[in-house]
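# Secondary and tertiary structure notes
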Amino acid sequence: MQDTVEGSTATVAVPKQAEDGSIVILELPLVERELHAIDLTSIATPERFRLVDCASLRDRERPILRLHEFNTFGAARIDYCAISYIWKGVPARRSGDTTRGLRGSIVVEGAKDGDPISLDVLYHAATAILNGKLGYLWLDRLCIMQTHPDDKAWQIRRMFDIYKRSGLCLILPGGVGRLVGLDEETEWVLRAWTLQEAIVPPVTEVLFSITGVSIPAESTMAVFVTDEAHPYGCSILRYVIPGSSATAVLGTLLRAIRIPSFAPHLEFCPTHITVPIIPRIFGSLDVRRREILALADAADTIWSGGNWSRQALWQSSFLRTSKRPVDMIFSIMGLFEISLDPHLYRSGDRIAATIALAQEYLQRGGQAEWLIAGWNEPPDPRLSSFPELPETSVGAPPRFSAARRDVVTHDADGAHLDIRLRFSSQQAPYGSMDDDGYFHFAAKAARVRKSARSSLLPSPSDLQGDTVEALDGSVWSVLSGSPRTSTPTTRTTTSQESQVLYAAVLGVGSKRNDAGGWDKYSRAVVLQQHAPGKYHRLSVFFELALSVPERWNVMDLNMGPVVN
């Protein structure tokens, strides 16, 4: 029996067999200036892979939304592009503007809290995809049954593969409401799912508007330039719709943007005419430098095989937000080759999902690289082996407490700085995590006590042991009575427990010395006992000469939730 879907101007009978073996389940004529509503509930089969035909979208006169459904995913090569965007994007321009393009849009049942999908954006995206010799696009809003929990869970578990197996990922930084220009600010770099979407596909490009830019008529391409003398100071722009839209490879664009420049500009070939432009498409570099550098690090190193790749992933993920807190874990689990069952978690179960991810990752022999990526950030009181996990929302940046550092170290200013020097994990701890969120590990450690002094001047009370200074300037004495066994054995009463403190080494890092070279140092934190044999991490961080913890002993420790 055939279902009938009524479009704005015609009625098209579906389903029907396509030449590639897929089933066409929707054919909806798209009419300019009209709002089209679709609902896949009654026409799609749950737990199937769906794609949108690009050729039917690019017909400027009679565009059609044609949705194909496939019985299997990955059994045969399907040439498609996966779209990366943000659920709530840059607001549409006023109706009285002079922007060229189609003025209709699409809304999807079950996803009406997101921006309507602009027909003009679909047209530009389909054109760019077809120019890349691909035939389909995958857009979660259109290709997932938004009203069907089982289909959404099935798709979430395969999200990594959907992007990994695509021929291209096309990024729409401003969302699906309209294309934004290079000089318009977006929050794409802050959204949880965009991390995986940016770095997993074989090719990732950014699609943006060039409407309003004075482009010479004879120009065949353009180059975004921050520093012509720098090997990463340029990014090629290729026109999609001349005068209206263009694409750039994400990696080259990020590298160019992160290089400080007094005169960033577009240069048009072959004329060499230039137009000044300030790139803000991933946010202002003054405000979002940390997030942009973290994404660039992750994009540059994800498949290199080094531990710094995973640390870069963790660092970038800590700076993001999402509509549902649990998606902060679902959006990155594929990057660690883990597939949690979404049915087991509610929308707000971020901590439970984080524990489950860490447990499985550590059981497979992984190291706690998240400790290195966020080692000098205030710990999350619910899970102190992790840095503070921000509050999340659908349309706002991540919200951190006032205690979190909001500055970038000076080392981050080096655009071409090798990430292997900033992220080193020769000693990132192995271990396990229990169901209560305690990370159990062995590390060089020593019992410490905070000194009343604020500098490293000699003091008779400290002559019995070493004295070390934390990054916040506080001074700590290493107690001579630190245990010589592998497990803390200090007997304490309840009133004394809060006074039992250990400095524990988490890993090794590098920083610049006065000669312009690099010195290695030990990264250490302070653990406080809150119950016999149970600890949590404090906001105290050390960068110690490698020789300092050599005199310390390897101890069995843990860090978990803060218990008052």
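Scope of this entry: the structure provided in the associated data block. (Residues numbered from 1 in each chain as written. Predicted model: local features only at pLDDT ≥ 70, side-chain atom pairs only at ≥ 80, totals over all residues. Heavy atoms only, no water.)

## Some thoughts on the side chain of threonine 204
By the secondary structure assignment, threonine 204 is in strand E13 (residues 204-209). Residue classification places threonine 204 among the buried positions, given a relative accessible area of 8%. What threonine 204 contacts, discounting residues up to four positions off in sequence, is Cys169, Ile171, Glu197, Ala198, Ala248, Val249 and Leu250. (Helix = DSSP H or I, 4+ residues; strand = E, 2+ residues; numbered from the N terminus. Buried < 20%, exposed > 50% of the residue type's maximum accessible area, 1.4 Å probe, protein only. Contact = heavy atoms within 4.5 Å.)

## Description of the sheet that holds strand E9 (residues 105-108)
Think of a sheet as strands paired side by side through backbone hydrogen bonds, with each pair either parallel or antiparallel. With mixed pairing, the three strands of this open sheet are ordered in space as E5-E9-E10. Strands at the two margins of the open sheet, each flanked by one partner only, are strand E5 (35-38) and strand E10 (117-118). (Pairing = 2+ DSSP bridges.)

## Considering the packing of aromatic side chains
Within the structure shown, the criterion is met by 19 aromatic pairs. Between phenylalanine 439 and phenylalanine 441, the ring centres sit 5.2 Å apart and the planes meet at 10°, which makes this aromatic pair stacked. Overall, phenylalanine 439 belongs to the buried group, its relative accessible area being 0%. Looking at phenylalanine 441, the relative accessible area reads 4%, which means it is buried. Chaining the aromatic ring pairs together yields one cluster made of Trp314, Phe318, Phe336, Tyr361, Trp370, Phe386, Phe439 and Phe441. The positively charged end of arginine 141 is found above the aromatic ring belonging to tryptophan 87, 4.2 Å away from the centroid. Between lysine 534 and the ring centre of tyrosine 438, over which it is positioned, the NZ or CZ distance is 4.4 Å. (Phe/Tyr/Trp six-rings, centres within 6.5 Å; stacked < 30°, edge-to-face > 60°. Lys NZ or Arg CZ within 6 Å of the ring centre and 35° of its normal.)

## Thoughts on unusual backbone geometry
Note that the residue after cysteine 269, namely proline 270, is joined by a cis bond; omega there is 5°. Here proline 270 lies in the loop between strand E17 (265-269) and strand E18 (273-276). A positive phi angle is found at arginine 33, which is not glycine, with a value near 70°. Here arginine 33 shows up in the loop between strand E4 (23-29) and E5. Assessed through its relative accessible area of 63%, arginine 33 is described here as exposed.

## Re helix H4 (residues 149-157)
For H4, every residue scored as buried is listed here: Asp151, Ala153, Trp154, Gln155 and Ile156. Structurally, H4 contributes buried residues whose contacts are with strand E6 (49-53), helix H3 (140-143), helix H5 (159-164), helix H6 (193-199) and helix H10 (327-330).

## Thoughts on the pattern of salt bridges
Tallied over the full model, the rule gives 18 salt bridges. Here glutamate 184 makes a salt bridge to arginine 178, at a shortest N to O gap of 2.8 Å. Using a relative accessible area of 19% as the deciding quantity, one classes glutamate 184 as buried. Note on arginine 178: relative accessible area 12%, which makes it buried. The partner of glutamate 360 in a salt bridge is arginine 364, with the nearest N and O atoms 2.6 Å apart. A relative accessible area of 24% places glutamate 360 in the partly exposed class. Beyond isolated ion pairs, a larger network of salt bridges with shared partners links Lys16, Glu27, Asp53 and Arg66. (Salt bridge = Lys/Arg side-chain N within 4 Å of Asp/Glu carboxyl O.)

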